[in-house]
Amino acid sequence: MRRVEALLPGVTTVTPHARYYSLHAYIATELSGLETQDARDLLRRCEVVFGAVSILHARRHPEMHLGMSQPHGGDKIEQSMNGYGVLEVVKLAALKEYAQAQDGFLGPYLGSERTMRLVQQGTVLIEPGVRVEPSILGHAFHGLLKIAQMDRVAISTLQGNNHLCLCGHIATEREWLRSVMIPRDSSAVRTLGMMRAQTAQMLGRLIELFEPESISRDLAGSLVEDPDAYEDHVLLELDVVPAWRGVVLRRWYTQAWRDFWQWLVNEKLVGARPRSVWEHSLTGGLPANMTLLEYEQKLPLGVVGGKLKSAEISDVVRYIECTGARQIAMLIIGARRVGNLPESVAPHFENPEEEIRNAQLTPSWLAKFLDERQDQQITDVGRELIALVIDRSQRVALAKGTFKNGVWKIPSRITVSDGLIFKSSNEGGGPVSLRWDQLVQVMSGLGIVSKVQIPDTGSSKWTLTAEGRGYLA
């Protein structure tokens, strides 16, 4: 969602590690005078060594890596070290070995690193950005170039360079990188850095209040409804908080459409089926002999007395047995928030002016659709929605069609022909990413939060570190 990008610039679903930002910035300081191919080779070698050190450190100190994903290309790198006692740097750094792209894993981070002015386009791959401090980075990554330029490196050598680990526990550039990624003065939300900083401050405070096991799953509901999140003095001062509430609500709404379509295709479409039969997939899932109005009255409200409710994840909704019917309930709850949300939340849930060209399926569109069918049977309304998403899927697929080798290709998982429908593959579903999990991993690498084991439970939780508490205060 574009709203996520606006509130969390510089962190994406594929940029979970803080030290890759500083690693690439450091490499940029060392590329001057190299040919492009030599620069790419050095970048790939450095990433391989960086990943190997991180894997070895995680084996000996798993508690320092709790909650962090493995380094990029980690599967290939780890496999190469198992039982051999050496890291074959030259072999792993070759094209399509630890990474498919010729620039290694620079690509996923490059846009974010440019946003933060850590790197910029150069005559040789990349050049240092204006925020780079060469002396700080040179000290933080000392020894890396020497090791990376070796074709084969002993495991013992890698184990002696733990300062290169992505966990960041002994990273000497951590304080500098914090100041770049999460600026201290987060009051001026007009800049990209301040938007990111306020979001980090929000998540840090929510972690301190609720100590979740899962970030997006656990904190979304707390942010929307928990009284502590509305009364906390820190959260009250952050302008991004109501915006994120709107984004979370829209995420639930969007997920309901995605999961509804996934259920229809994956579970209800087996072989070739008559369209008329498929349109009745909700029969038995929704109550018979009940109007839409009566059905709505049985659902929890998403806004009560001006206060937000996380009705989509309430027991009433979660215990609806039929998956498709459960998504219909979530869609109704979301649509009925239109016109009832606080002014600070509403534009981040839906902006009708921005969405006017693609209004179908939006909350306002669905609210009007429901208003016009209050006296109809809920089963008939469900059938009409199924017919609508079938037609929409075909329109979208046709709009994306292209000629390839003289053949018209339509990127659709379902085909409608002569009244029959069949699928070529299953559909994906699930929520759109808030990027909170990736930001929290970044914050972990910066020493602001950490994930710890809960004694005698086998579970773990995220906590705000003392260092993080001081930094975000």
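Here goes a summary of the coordinates provided. (Residues numbered from 1 in each chain as written. Predicted model: local features only at pLDDT ≥ 70, side-chain atom pairs only at ≥ 80, totals over all residues. Heavy atoms only, no water.)

### Observations regarding the overall build of the chain
Now for step 1: Counting its secondary structure elements, the chain contains 24 helices and 13 strands.
Now for step 2: For 473 residues, the compact-globule formula gives about 23 Å, and the C-alpha radius of gyration of the chain, at 26 Å, lands near that figure.
Now for step 3: Summarising its shape, the C-alpha atoms of the chain cover approximately 75 × 60 × 45 Å along the three principal directions.
Now for step 4: About 21,700 Å² of surface is accessible on the chain, with carbon and sulfur atoms providing 50% of the total.
Now for step 5: Mean positive and mean negative side-chain charge positions of the chain (52 and 54 charges, respectively) differ by 4 Å. (Helix = DSSP H or I, 4+ residues; strand = E, 2+ residues; numbered from the N terminus. Rg over C-alpha atoms; globule rule 2.2 N^0.38 Å. Areas by Shrake-Rupley, 256 points an atom, 1.4 Å probe, with all protein chains shown as cover. Lys, Arg positive; Asp, Glu negative; His and termini not counted. Charge placed at Lys NZ, Arg CZ, Asp CG, Glu CD.)

### Quick look at the packing of aromatic side chains
Now for step 1: For the structure on display, the rule yields 11 aromatic pairs.
Now for step 2: Between tyrosine 26 and phenylalanine 141 the ring centres are 5.3 Å apart and the planes differ by 20°, which places this aromatic pair in the stacked class. Here tyrosine 26 is found in helix H2 (residues 18-29), whereas its partner phenylalanine 141 is found in the loop between helix H7 (134-140) and helix H8 (144-148), with 115 residues between them in sequence. The exposure classification of tyrosine 26 matches that of phenylalanine 141, with both residues buried.
Now for step 3: One aromatic cluster is present, formed by Tyr20, Tyr21, Phe50 and Tyr109 through successive ring pairs. (Phe/Tyr/Trp six-rings, centres within 6.5 Å; stacked < 30°, edge-to-face > 60°. Buried < 20%, exposed > 50% of the residue type's maximum accessible area, 1.4 Å probe, protein only.)

### Some points on the nonpolar core
Soluble, globular proteins show a tendency: their nonpolar side chains are buried together.
Now for step 1: Counting residues in each nonpolar core, the largest one holds 104 residues, and the members touching the most others are Leu158, Ile182, Met202, Trp244 and Trp436.
Now for step 2: When residues of this core are assigned to their parent elements, the largest contribution, 11 residues, is made by helix H3 (residues 36-60).
Now for step 3: Not counting residues up to four positions away in its chain, the partners in contact with leucine 158 are Val49, Ala52, Val53, Leu56, Met81, Leu87, Ile147 and Val153.
Now for step 4: Among the nonpolar cores identified, the runner-up in size contains 42 residues, and Ile333, Ala367, Ile378 and Ile386 belong to it. (Core = buried A, V, L, I, M, F, W, Y, C linked by side-chain atoms within 4.5 Å. Contact = heavy atoms within 4.5 Å.)

### Thoughts on the sheet that holds strand E10 (residues 414-417)
Now for step 1: Here 3 strands make up an open sheet; going across it, the order is E5-E11-E10 and the pairing antiparallel. A strand with exactly one partner marks an edge of an open sheet, and here the two such strands are strand E5 (273-274) and E10. (Pairing = 2+ DSSP bridges.)

### Quick notes on the pattern of salt bridges
Now for step 1: Under the counting rule described, the total for this entry stands at 26 salt bridges.
Now for step 2: The shortest N-O distance in the salt bridge between arginine 413 and glutamate 427 comes to 3.4 Å. Remark: glutamate 427 occurs in the loop between strand E11 (420-423) and helix H23 (436-445) and arginine 413 occurs in the loop between strand E9 (407-409) and E10; sequence separation between them is 14 residues.
Now for step 3: A single salt-bridge network, built from bridges that share partners, covers Arg205, Glu208, Asp232 and Arg469. (Salt bridge = Lys/Arg side-chain N within 4 Å of Asp/Glu carboxyl O.)

### Some remarks on the environment of tyrosine 253
Now for step 1: Position of tyrosine 253 relative to the elements: it lies in helix H15 (residues 240-268).
Now for step 2: Between the C-alpha atom of tyrosine 253 and that of valine 153, which follows or precedes it by 100 residues, the distance is 51 Å.
Now for step 3: Setting aside residues no more than four positions away along its own chain, tyrosine 253 makes contact with Leu331, Gly334, Ala335, Leu361, Thr362, Pro363 and Leu366.

### Observations regarding the pairing of strand E13 (residues 460-464)
The side chains of a regular strand alternate between the sheet's two faces.
Now for step 1: Of all the 5 residues making up E13, 4 are buried; the element is thus mostly covered by neighbouring parts of the structure.
Now for step 2: Looking at chain direction, strand E12 (residues 449-453) and E13 are connected through 5 bridges and run antiparallel. Pairing of serine 450 across the sheet is with threonine 463, part of E13.
Now for step 3: With antiparallel pairing between neighbouring strands as the criterion, E12 and E13 make up a hairpin whose turn holds 6 residues, including aspartate 456 at a positive phi of roughly 65°.

### Notes on the layout of surface pockets
A water-sized probe, rolled over the atoms, reveals where empty space remains.
Now for step 1: Roughly 1,300 Å³ of volume is contained in the largest pocket.
Now for step 2: In terms of lining residues, the largest pocket is bounded by 35 residues, among which Thr254, Arg258, Asn358, Leu361 and Arg392 are the most central.
Now for step 3: Ranked by residues supplied to the lining of the largest pocket, first place goes to H15 with 8 residues.
Now for step 4: In terms of residue class, the lining of the largest pocket is built from 16 nonpolar, 9 polar and 10 charged.
Now for step 5: A volume near 290 Å³ is recorded for the second largest pocket.
Now for step 6: With 4 residues, H15 is the largest single contributor of residues to the lining of the second largest pocket. (1 Å grid on protein atoms, 1.4 Å probe; cavity = no way out; pocket = protein on both sides within 12 Å on 5 of 7 lines; lining within 4 Å. Points joined across faces, edges and corners; volume = space filled by probe spheres on them. Nonpolar A, V, L, I, M, F, W, Y, C, P; charged D, E, K, R; others polar.)

### So, helix H4 (residues 74-81)
Now for step 1: The set of residues buried in H4 consists of Gly74, Ile77, Ser80 and Met81. Take H4 and look down its axis: the buried residues cluster within an arc of 135°, on one side only. For H4, exposure combined with an orientation more than 90 degrees from the buried face picks out Asp75 and Gln79.
Now for step 2: Summarising the contacts, the buried residues of H4 are in contact with H3, strand E1 (86-88), helix H5 (89-92) and helix H9 (155-159).
Now for step 3: Of the residues trailing H4, glycine 83 is marked for its positive phi of about 80°. (Arc of directions from axis to C-beta.)

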